[in-house]
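# Chain and residue survey
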Amino acid sequence: MSLYFTKEHEWIRVEGDTATIGISDHAQEQLGDIVFAEVPETGRKLSKGQEAAVVESVKAASDVYAPVSGEVVEGNSKVADDPSLVNSDAEGEGWFFKLKLDNPGELDGLMDESAYREWVKSL
Amino acid sequence: MSREVHNGPTDETQARGTPYSGDPEGGAGTHEVPLDKLPLDSWHRARGARMVPFAGYEMPVQYEGIIAEHLWTRENAGLFDVSHMGQLFIHGPEVDSALERLMPADFRAAADMKPKYSLLLDDDGGIIDDLMATRRGSDFYVVVNGATKHGDIAVMEQKLPGDVVIDHMREQALLALQGPRAADVLETIVPGVADLGFMQAAPFRWNGQSLWISRSGYTGEDGFEISVPASAAPALADAIAAHELVKPIGLGARDSLRLEAGLPLYGHDLDTGTTPVMADLNFAINKRRRSEGGFPGDIRILAELQNGAPQKRVGLEVDGRQPVREGALILDSEGNEIGKITSGGFSPSLQRPIAMGYVATGFAGPGTALKLEQRGKLFDAKVAPMPFVPHRYHRKGASA
């Protein structure tokens, strides 16, 4: 298992050819109280950079983009039902969707956890 | 994650589509104009506030979180720093009549120490700002919006007679204590304030300092607005916040509270393209001013009072959970555009999305079913009476 992060504050947990994707704890903290989340349907094909999910706090609306390409194998219905899960456990139970990776090579160049945490400190 | 939409009227920078100050990118590059600091700047930071640019100042958008702060204010008492607002003292001969040439309020009949809501109008009847004006003897104390204060002063200086003087009280801070327990709390610090009725003001003393306190606010709750010398503001804020029923509240909850209360926000729900009648603020024009006119745009506004305006500000209840925000289109059931959302968000008290916007007047009746369009997605909504959450003002007898 490997954990990657993007500069768009998404995390990607890779197990075999499946990636679980969510937003970072830093991102949820910056958004504040999250009141709405929309996750992609199973079977949807996403290419890298495509809009995949929506997250809205009291004050802001954001799109979550697919950080890598693949087919959605599951959207997290728990966060759609209770969006505050993203505030309480952004990097765990608050995941947004799982993808079957098209091209694991797209993971190259993403930050690992320690690089991401260091980078966030510099913001 | 990338932020696509930055609207929501708490923070004027968001409504303009520039990066939200809570942006993960840190809002880099947004601080082109150096920001001023409020008298309570370090007070806010010490309490964990997230500071954002607003009206040329760094201001607290939230402390522990908007929803918690919002609900605390509805149940207890919330302390707001609104020192960015402009406090003006206007004096000179016949100030009341002079102000009536800029605004539609009945200032000549205004009773001493009774704040009046009014509107600074341009020659077409468009709203330059909304404000509170209180007679103090023959003079007037006026509180205007922070983002518009310099423009307001310029308009007033240009239009008022040369012997009327506007003092911008830059040395005064302004605090608001709002909520059902506000009177209990403030009475322990400034005895006598609980005797004020809603929309009544008076001078008080605290710790050797002069305070000007009015029973008014922008949340729909009972509460007070307290003008205090900036040098004494941190000590007064400390004294108020020391009470167990008080928490400091940021701009984020100020916005969600006023939206639930159906109160318009200048620059979003009101601007020079809207008139008092369009904005459903007819109460701000009394019988004498309706019959006499004599304010900017009077011909248009009096005609609109008679015949209705082509558009009207309404409240909207939105189906589902997703907030629909400023800029979304309002459509009739056949898909024709009939207006725009000017404020919208998630109501913490009602746990549902609510909004405010302008519609063609034929669609303004409560219960009218409409559609909203935001980023290509359609939402069902219906016109709802405002306030969304009932006002709980402390009225003593009859009050205007």
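Residues numbered from 1 in each chain as written. Chains lettered and ligands numbered in written order. Predicted model: local features only at pLDDT ≥ 70, side-chain atom pairs only at ≥ 80, totals over all residues.

### Some details on the overall build of chain A
Put simply, the rule reads: Here a helix means four or more residues in a row that DSSP labels H or I, a strand means two or more in a row labelled E, and each is numbered from the N terminus. Throughout, radius of gyration means the C-alpha value; the globule benchmark is 2.2 Å times the number of residues raised to the power 0.38. The contact criterion used here is simple: two residues whose C-beta atoms, placed from the backbone, lie within 7 Å are in contact.
Looking only at helices and strands, chain A features four helices and 10 strands. Mapped in sequence order, the helices and strands of chain A form the string β-β-β-α-β-β-β-β-β-α-α-β-β-α. Over its C-alpha atoms chain A spans a radius of gyration of 13 Å, differing by no more than 12% from the 14 Å that the globule rule assigns to 123 residues. Dimensions of chain A, computed from C-alpha atoms along their principal axes, come out at roughly 35 × 35 × 20 Å. Restricting the contact set of chain A to residue pairs at least 6 apart, pairs at least 24 apart contribute 61%.

### Quick look at the overall build of chain B
Which entries qualify depends on this criterion: To sort residues by burial, count the other C-beta atoms lying within 10 Å of each one's C-beta; a count of 20 or more means buried, 12 or fewer means exposed, and anything in between means partly exposed. C-beta atoms are built from the backbone.
In terms of helices and strands, chain B carries 10 helices and 21 strands. Taking 2.2 N^0.38 as the reference for a compact globule, 400 residues should give roughly 21 Å; the C-alpha atoms of chain B span a radius of gyration of 21 Å, in line with that estimate. In terms of principal-axis extent, the alpha carbons of chain B reach across some 65 × 50 × 45 Å. Burial status across chain B gives 52% buried among its 400 residues. Within chain B, residue pairs in contact and separated by at least 24 positions form 66% of the contacts whose partners lie at least 6 positions apart.

### Topic: the pairing of strand β11 (residues 172–178) of chain B
All names here are of chain B. The condition that has to hold: We treat two strands as partners when DSSP finds at least two bridges between them.
Along β11, seven of the seven residues are buried, which leaves the element largely enclosed by surrounding structure. In β11, alternate side chains face the same way, and those of Q172, L174, A176 and Q178 on one face and A173, L175 and L177 on the other are all buried. Bridging between strand β5 (residues 77–81) and β11 involves four bridges; their strand directions are antiparallel. Directly across from D81, in β11, lies its bridge partner L175. Inspection of the sheet shows β11 paired to strand β14 (residues 223–229) by seven bridges, in the antiparallel sense. Looking at the pairing, Q178 lines up with G223 of β14.

### Topic: the packing of helix α3 (residues 66–75) of chain B against helix α8 (residues 251–260) of chain B
All names here are of chain B. Worth spelling out the cut-off: A fitted line through C-alpha atoms serves as each axis, taken over the contacting stretch for helices, and the angle formed by two N-to-C directions is quoted from 0 to 180°. With respect to orientation, any angle under 35 degrees is reported as roughly parallel, any angle over 145 as roughly antiparallel, any angle of 65 to 115 as roughly perpendicular, and every other angle as oblique. Left-handed describes a crossing in which the near helix is turned anticlockwise from the far one by less than a right angle; the clockwise case is right-handed.
Where α3 meets α8, the closest approach of the two axes is 8 Å, and the angle between their N-to-C directions is 55°. Considering their axes alone, α3 and α8 lie oblique with respect to each other. Taken as a pair, α3 and α8 cross one another with a handedness that is right-handed. In this structure, α3 uses I66, E69, H70 and T73 to contact α8, whose residues at the interface are G252, A253, S256 and L257.

### Comments concerning unusual backbone geometry
Residue B:P387 is reached from B:M386 by a cis peptide bond, and omega for that bond is 5°. Assignment of secondary structure puts B:P387 in the segment after β21 (377–384).

### So, the sheet that holds strand β19 (residues 352–360) of chain B
Residues and elements named next belong to chain B. Pairing is antiparallel in the closed barrel, where six strands are placed in the order β16-β19-β18-β17-β20-β21. Strand-to-strand, the axes of this sheet are offset by a mean angle of 40°, without reference to chain direction. Summarising the sheet, strand β17 (residues 329–331) and strand β18 (residues 337–347) pair through three bridges and their orientation is antiparallel. Note that in β18 the partner of L329 across the bridge is K340. Each of β18 and β19 touches α8; the most contacted strand, β18, lies at about 125° to it.

### What about the domain arrangement of chain B?
Residue and element names in this part refer to chain B. What counts is decided by this rule: Annotation comment: domain bounds sourced from an automatic or database domain assignment. Basically, the charged four are Asp, Glu, Lys and Arg, the nonpolar ten are Ala, Val, Leu, Ile, Met, Phe, Trp, Tyr, Cys and Pro, and anything else, Gly included, counts as polar.
According to the domain assignment, chain B contains domain 1 (12–83 + 171–260) and domain 2 (310–400). Taken together, the 17 residues of domain 1 in the interface contact 18 residues of domain 2. Contributing elements (two or more residues each) for the side of domain 1 that touches domain 2: α3 and α8. Sort the elements by how many residues they give to the side of domain 1 that touches domain 2 and α3 lands first, with four residues. Here the side of domain 1 that touches domain 2 is composed, by residue class, of eight nonpolar, four polar and five charged.

### Re the sheet that holds strand β2 (residues 10–15) of chain A
Residues and elements named next belong to chain A. One open sheet holds the seven strands; their spatial order is β5-β8-β9-β3-β2-β1-β10, and the pairing between them is antiparallel. Because the sheet does not close on itself, it has two edges, and the strands there are β5 (45–46) and β10 (111–112). Bridge count between β5 and strand β8 (residues 70–75): two bridges; the pairing is antiparallel. In the strand pairing of β8, K45 is matched with E71.

### Topic: the nonpolar core
In globular proteins that are soluble, nonpolar side chains generally tend to be buried together. Rules: Nonpolar cores are identified as sets of buried Ala, Val, Leu, Ile, Met, Phe, Trp, Tyr and Cys residues joined via C-beta atoms within 7 Å.
A:A53, A:V55, B:L175, B:L177 and B:L372 are the most contacted members of the largest nonpolar core, which totals 134 residues. Two domains share this core, each providing at least three of its residues, namely domain 1 (12–83 + 171–260) and domain 2 (310–400) of chain B.

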